[in-house]
Amino acid sequence: MAVDLLLGLQWGDEGKGKIVDVFTEKYDIIARFQGGPNAGHTLEFDGQKHVLHTIPSGIFHKNTINLVGNGVVIDPVIFKKELENLDAYITHYRSNLLISRKAHLILPTHRLLDAASEASKGKAKIGSTLKGIGPTYMDKTGRNGIRVGDLELDGWKDKYRALADKHEAMIKFYNVDVQYNLAELEEEFFAAIEVLKTLKFIDSEHYLQVAQKEGKTVLAEGAQGSMLDIDFGTYPFVTSSTTTAAGACTGLGVSPNKIGDAFGIFKAYTTRVGSGPFPTELFDEDGKTISRVGNEVGATTGRPRRCGWLDLIALKYAIEINGITHLIMTKGDVLSGFKTIKVCTAYNYKGKEIHHLPFNIEPENVTPVFTEFKGWKEDLTKMKDASQFPKELNEYIEFLEKELETPISVVSVGPDRNQTINR
Ligand code: GDP
Ligand code: IMO
Ligand code: MG
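Calculation notes
- Sequence order as written defines residue numbering, which begins from 1 separately in each chain.
- The order in which chains are written sets their letters, starting at A; the order in which ligands are written sets their numbers, starting at 1.
- The predicted origin of the model limits local features to residues at a pLDDT of at least 70 and limits the giving and counting of side-chain atom pairs to 80 or more, whereas totals for whole chains, interfaces and linings rest on all residues.
- Water and hydrogen atoms play no part in the side-chain values, which are based on all heavy atoms of the structure.
- Whether two strands pair depends on DSSP finding at least two bridges between them.
- Numbering of helices and strands runs from the N terminus, with a helix taken as a DSSP run of H or I at least four residues long and a strand as a DSSP run of E at least two residues long.
- Helix axes are fitted only over the stretch in contact, all axes being lines through C-alpha atoms; the angle between N-to-C directions runs from 0 to 180 degrees.
- Metal-coordinating donors are taken as N, O and S atoms lying within 2.8 Å of the metal, or within 3.2 Å when the metal is Na, K or Ca; because water is left out, some sites can appear incomplete.
- Only protein chains enter the accessibility calculation, which uses a 1.4 Å probe; a residue whose area is less than 20% of its type maximum is buried, one above 50% is exposed, and one in between is partly exposed.
- Take the buried residues of types Ala, Val, Leu, Ile, Met, Phe, Trp, Tyr and Cys, join any two whose side-chain atoms come within 4.5 Å, and each joined set is a nonpolar core.
- Whether two residues are in contact is decided by their heavy atoms, any of which lying within 4.5 Å being enough.

(A) Expanded view of the sheet that holds strand S9 (residues 200–202). One open sheet holds the 10 strands; their spatial order is S9-S7-S5-S2-S10-S1-S11-S15-S19-S20, and the pairing between them is mixed. Each having just a single partner strand, S9 and strand S20 (420–422) make up the two edges of the open sheet. Taken over all neighbouring pairs, the strand axes of this sheet differ in orientation by 25 degrees on average, direction set aside. In this structure, strand S1 (residues 3–8) lies alongside strand S10 (residues 218–221), joined through 4 bridges in parallel fashion. If you follow Val3 over to S10, its bridge partner there is Val218.

In structure tokens:
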């Protein structure tokens, strides 16, 4: 069986958690392949809202295996809190939660290094989530990291001490004001490690290969979004992992020829948290309305998300890089009531109209060229079938499908599991 993918096509927060939860019915295994607790994936059902950071979004389904892949970075302290939150709602899920031995650990000093690095950058800061993501992936590629599998071996604490001591020297080098009490942080960290060790650690690449041979269905769940990819995003204002389709191959050990459907998810508009260029960003009343109606506040950091119109240049780029076979559009309901809806269909780049994403999309180089659509008044949130969609929404969707040369097969009309419409 092929492995299907579901990943974000914009700057994250497209609604991946919600849709993975809805899709889980069709899959035996949900596997996160990259990122860490910088992610905040929101699920809503039975009037309850749940935010997951590291644990895959299939966890609420009893018969589904949820795998944290080798490409993920795990903060045991945050992981422990996630488990405690789940304990209040579900039982027996722990036996379905598997962790790759090759996943790297976020140490307390990685978080401190993230803070020191950001503080030293001043205005040029990335706007990171301060979860230690960058420093942990740096230690991974620098071949210094500590992995989940190390916890089963003797001597990992010596390795930990050497690395933490080095990190402390690095924090001093930044020469910024980062206050901390490492003894306290370590107490919390080592306690959380003991909880992590109660879960099942596996050789996940082998597990997935066997599962595929047995005909099990697998959905790889992405975190962040394609525009935050370390190679293809708006560097340096990106995260430190491969958020695009290739990341599922390296982050799970799935070969490229075993990838099946690639579901790309996007909002009917665009949002971004943190710093970096955002060509269609709005600073007017329209932006404020989207932010308010869409409740655009970060699920992990609580920061307000910057809002803007849909950017088809960036979206086409993401679709190409990921080989997207099906699109999922979320939050169309947020646009109800707008008289006019705008979509960026070209960039004015240094005085010339272009239709691809150039190297530099800073505002001094790029201004968006918009195509306008008549909006719709109808509330979409109670709709159950695409036949109920207003004419203007259909026109919007059909235009996007034509421009993007990819079918929009699912339209989400609200945060709840049930507010999901197949086309
Ligand atoms: P993720 O990181 O991609 O999983 O997305 P987040 O959970 O960070 O952010 C998406 C937010 O939008 C969450 O609060 C979801 O509950 C909510 N959401 C998802 N789909 C829809 C939708 O179609 N309409 C509305 N109004 N909210 C949605
Ligand atoms: P989900 O999975 C939105 C952003 C941060 C910052 C940049 C680098 O919920 O869509 P990092 O902490 O990774 O070093 O931060 O990336 N960022 C996200 N933005 N959604 C996310 O995840 C994000 N994860 C990281 O705001 O701009
Ligand atoms: Mg999110």
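(B) Up close: the coordination of the magnesium ion (ligand 3). Protein ligation of the magnesium ion (ligand 3) involves Asp13 (OD) and Gly40 (O), the donor distances falling in the range 2.0 to 2.2 Å. Here Asp13, found in the loop between S1 and helix H1 (16–23), pairs with Gly40, found in the loop between strand S2 (29–32) and strand S3 (41–45); they are 27 residues apart in sequence, far enough to count as distant. Relative accessible area serves as the criterion here: at 11%, Gly40 is assigned to the buried category.

(C) The arrangement of the nonpolar core in detail. In this structure, Ile290, Met329, Leu335, Tyr396 and Leu400 are the most contacted members of the largest nonpolar core, which totals 55 residues. Sort the elements by how many residues they give to this core and helix H11 (residues 391–404) lands first, with 6 residues. Look past the residues within four positions of Leu335 in its chain and what remains in contact with it is Ala268, Tyr269, Ile290, Trp309, Ile341, Trp376 and Tyr396. Counting 33 residues, the second-largest nonpolar core is a separate cluster that includes Leu86, Ile90, Leu97 and Phe189.

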